[in-house]
Amino acid sequence: QLQLVESGGGLVQPGGSLRLSCTASGFALDYYAIGWFRQAPGKEREGVSCISSIGGSTDYADSVKGRFTISRDDAKNTAYLQMNSLKPEDTGVYYCAVDNYYCSGYVLNEYDAWGQGTQVTVSS
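The notes below deal with the structure included here. Since the model is a prediction, treat every value here as computed from it, not as a measurement. (Residues numbered from 1 in each chain as written. Predicted model: local features only at pLDDT ≥ 70, side-chain atom pairs only at ≥ 80, totals over all residues. Heavy atoms only, no water.)

Phi angles above zero are rare outside glycine, and N77 is one such case at about 55°. With respect to the helices, strands and loops of the structure, N77 is situated in the loop between β7 (68–73) and β8 (78–83). Under the relative-accessibility criterion, N77 is labelled buried at 15%. In this structure, Y106 is a non-glycine residue whose phi angle is positive, near 65°. Looking at where Y106 falls in the secondary structure, it is placed in the loop between β9 (92–100) and β10 (113–114). (Helix = DSSP H or I, 4+ residues; strand = E, 2+ residues; numbered from the N terminus. Buried < 20%, exposed > 50% of the residue type's maximum accessible area, 1.4 Å probe, protein only.)

Below you can see the structure in the form of structure tokens.
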């Protein structure tokens with residue numbers, strides 16, 4: 001079965017940057033859309049960004065537009081989320097997930113597999 005592992009989280013000051021990675025094993029990512037989600041304590045999991053397989057089109061939540069960039073490298077079976085100008089409200093556990101061909105509009109049960117999550121903390 002498809003396995004996903006996130007990495008790259010950590011503690012960063014406001015205004016800083018982090019780059020998250022999502023690496024798949026078991027199947028190639030070529031024909032999957034990849035979504036990034038985050039969840040703060042006591043809050044619902046929310047969609048952050050996604051990238052489709054066909055054409056590589058991207059989508060971003062309004063709260064991260066202009067600050068975050070999603071990308072993929074299918075040769076490495078990996079997707080990335082570059083996060084710049086981080087704010088305390090970006091704090092949470094970040095997850096990657098896959099769907100067939102296109103992102104689902106961040107409908108959680110449309111995604112076929114999820115990683116375990118990586119913690120991002122933005123604090124002074």
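Most of β9 sits inside the fold, with seven of its nine residues counted as buried. Pairing analysis gives three bridges linking β9 to strand β11 (residues 118–122), with the strands arranged antiparallel. Counterpart to V93 in the pairing with β11 is Q119. By the bridge criterion, two bridges tie β9 to β10 in an arrangement that is antiparallel. Directly across from V98, in β10, lies its bridge partner A113. (Pairing = 2+ DSSP bridges.)

Glancing now at the packing of aromatic side chains. The way to describe two aromatic rings as a pair is by their centre distance and the angle between their planes. Scanning all chains against the criterion turns up six aromatic pairs. When the centroid spacing of 5.1 Å and the interplanar angle of 85° are considered together, the rings of F37 and Y111 count as edge-to-face. With F37 in strand β4 (residues 32–39) and Y111 in the loop between β9 and β10, this residue pair connects regions lying 74 residues apart in the sequence. Comparing F37 with Y111 shows no difference in burial state: the two are buried. In this structure an aromatic cluster arises from ring pairing among F37, Y95, Y106, Y111 and W114. Across the ring face of Y95, the terminal group of R45 is positioned such that the distance to the ring centre comes to 3.8 Å. When the ring centre of W114 is taken as origin, the NZ or CZ atom of R45, which lies over that ring, is 5.0 Å away. (Phe/Tyr/Trp six-rings, centres within 6.5 Å; stacked < 30°, edge-to-face > 60°. Lys NZ or Arg CZ within 6 Å of the ring centre and 35° of its normal.)

Throughout the structure, instances matching the rule amount to one disulfide. A sulfur-sulfur separation of 2.0 Å characterises the disulfide bridge that pairs C22 with C96. The S-S bond linking C22 to C96 shows a torsion near 70°; that makes this disulfide right-handed. Of this pair, C22 sits in strand β3 (residues 18–25) while C96 sits in strand β9, placing them 74 residues apart in sequence. For the pair shown, C22 and C96 are each scored as buried. (Disulfide = S-S within 2.5 Å.)

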